[in-house]
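Spelled out, the chains give:
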Amino acid sequence: RGAMQDMTASNAQAEALARSESRFRFIADSLPHMVWMSDASGRINFANDAVYEFVGIDKGTPAAEFWLDAVHPDDRERCVATWTECVANERNYELDFRIRRHDGQFRWQKIHAVPVRDELGTVTGWYGAGIDVHEMVEARREASRLADGFSAMLASISDGFFTIDREWTMTYAN
């Protein structure tokens, strides 16, 4: 006395899910940017190849175990506090912070994550990505430093000094 059950539909669903996951991993691993996913509580459960290559960690190591250690010590508290707040309030996460590269250099990254919701609006996880913005951040800092130096130089001129733009509008006077 046995029972039989037709598993055709169930097997087809499992195969479709496996193909979909395989396509996602292929796309994620093809991108030059860091891509990751987390569960609804914010715990990372997937990271693409770019994450592992950037930080120089063996791909077998779960990302949840190493990601915080890779964040610059001066940025960790702000990073975790902002992430915790965004997860608790189900809001998008966007933050610039430094991550240690495989050679030990910390590089600025722009990290963005969005909550993934089911058909009822319940957050089921998070999708995130990071891009290297190190040169842009350093260029802005250098521009600011140069502007401050220029302003200090202009302020130190004891004679009357002014600048005008192409429309003959005064743009600076000491």
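Before reading on, note that the structure itself is shown above.
Here is a short report on the structure shown in this document. Values in this document were obtained by computation on a predicted structure and should not be read as measured data.

1. Focus on empty space enclosed by the protein
Space left empty within the atom packing is revealed by a probe, the size of a water molecule, rolled over the atoms.
For step 1, the next point in the chain: With the rule as written, the count across this model stands at one cavity of 30 Å³ or more.
For step 2, the next point in the chain: In this structure, the largest cavity is lined by 17 residues; those nearest its centre are Trp36, Ile44, Trp67, Phe97 and Ile99.
For step 3, the next point in the chain: For the lining of the largest cavity, the secondary structure elements donating two or more residues are β1 (34-39), β2 (44-47), α2 (49-55), α3 (63-70), α4 (73-89) and β3 (93-100).
For step 4, the next point in the chain: Here the lining of the largest cavity gets four residues from one element, more than from any other, and that element is α3.
For step 5, the next point in the chain: Considering only residue class, the lining of the largest cavity consists of 16 nonpolar, one polar and no charged.

2. Quick notes on helix α5 (residues 134-156)
For step 1, the next point in the chain: The end-to-end C-alpha distance of α5 is 33 Å, a good match for the 33 Å that 23 residues give at a rise of 1.5 Å each.
For step 2, the next point in the chain: Among the residues making up α5, those that are buried are His134, Val137 and Leu154.
For step 3, the next point in the chain: Buried residues in α5 make contact with β4 (106-117), β5 (123-132) and β7 (170-173).

3. Structural notes on the sheet that holds β4
For step 1, the next point in the chain: Sheet architecture is open: five strands sit in the order β2-β1-β5-β4-β3, paired in antiparallel fashion. Pairing within the sheet leaves two strands with one partner each, and these edge strands are β2 and β3. The sheet shows a mean angle of 25° between the axes of neighbouring strands, direction not considered.
For step 2, the next point in the chain: Taken together, the three bridges between β1 and β2 define a ladder with antiparallel strand orientation. Across the sheet, methionine 37 pairs through a bridge with phenylalanine 46, a residue of β2.
For step 3, the next point in the chain: Here α5 sits on the sheet and contacts β4 and β5; the angle it forms with β4, its principal contact strand, is near 120°.

4. Here's the deal with the pattern of salt bridges
For step 1, the next point in the chain: Inspection of the entire model under this criterion finds 12 salt bridges.
For step 2, the next point in the chain: Beyond isolated ion pairs, a larger network of salt bridges with shared partners links Asp75, Arg78 and Arg98.

5. Regarding unusual backbone geometry
For step 1, the next point in the chain: The backbone phi angle of glutamate 90 is positive, close to 55°, even though this residue is not glycine.
For step 2, the next point in the chain: Looking at the secondary structure, you find glutamate 90 in the loop between α4 and β3.
For step 3, the next point in the chain: Of note, tryptophan 168 is a non-glycine position whose phi angle comes to about 65°, a positive value.
For step 4, the next point in the chain: Mapped onto the secondary structure, tryptophan 168 falls in the loop between β6 (162-164) and β7.
For step 5, the next point in the chain: Relative accessible area serves as the criterion here: at 69%, tryptophan 168 is assigned to the exposed category.

6. Some words on α3
For step 1, the next point in the chain: Residues of α3 that are buried: Ala63, Ala64, Phe66 and Ala70.
For step 2, the next point in the chain: Structurally, α3 contributes buried residues whose contacts are with β2, α2, β3 and β4.

7. A short note on a nonpolar patch on the surface
For step 1, the next point in the chain: A contiguous nonpolar patch, built from Phe162, Ile164, Trp168 and Met170 and spanning about 510 Å² of accessible area, is present on the exposed surface.
For step 2, the next point in the chain: Mapped onto the elements, isoleucine 164 comes out in strand β6.

8. A short note on the packing of aromatic side chains
For step 1, the next point in the chain: In total, this model carries four aromatic pairs according to the counting rule given.
For step 2, the next point in the chain: Taken together, a centroid distance of 5.1 Å and an interplanar angle of 80° make the contact between tryptophan 83 and tyrosine 93 edge-to-face. Placement of tryptophan 83 in helix α4 and of tyrosine 93 in strand β3 is noted, with a sequence separation of 10 residues between them.
For step 3, the next point in the chain: Tyrosine 93 gets classed as buried once you look at its relative accessible area, which sits at 3%.
For step 4, the next point in the chain: Ring plane angle 65° and centroid distance 5.1 Å describe the contact between tryptophan 83 and tryptophan 126, whose orientation is recorded as edge-to-face. Of the two residues, tryptophan 83 is situated in helix α4 and tryptophan 126 in strand β5; the sequence distance between them amounts to 43 residues.
For step 5, the next point in the chain: Residue tryptophan 83 is classed as buried on the basis of its relative accessible area of 10%.
For step 6, the next point in the chain: Aromatic rings pair up to connect Trp36, Trp83, Tyr93 and Trp126 into one cluster.

Calculation criteria
Residues numbered from 1 in each chain as written. Predicted model: local features only at pLDDT ≥ 70, side-chain atom pairs only at ≥ 80, totals over all residues. Heavy atoms only, no water. 1 Å grid on protein atoms, 1.4 Å probe; cavity = no way out; pocket = protein on both sides within 12 Å on 5 of 7 lines; lining within 4 Å. Points joined across faces, edges and corners; volume = space filled by probe spheres on them. Helix = DSSP H or I, 4+ residues; strand = E, 2+ residues; numbered from the N terminus. Nonpolar A, V, L, I, M, F, W, Y, C, P; charged D, E, K, R; others polar. Expected span 1.5 Å × (residues − 1). Buried < 20%, exposed > 50% of the residue type's maximum accessible area, 1.4 Å probe, protein only. Contact = heavy atoms within 4.5 Å. Pairing = 2+ DSSP bridges. Axes fitted to C-alpha atoms, helices over the stretch in contact; angles between N-to-C directions. Salt bridge = Lys/Arg side-chain N within 4 Å of Asp/Glu carboxyl O. Patch = residues over 30% accessible without salt bridge, like charges linked within 9 Å, V, L, I, M, F, W, Y side chains within 5 Å. Areas by Shrake-Rupley, 256 points an atom, 1.4 Å probe, with all protein chains shown as cover. Phe/Tyr/Trp six-rings, centres within 6.5 Å; stacked < 30°, edge-to-face > 60°.

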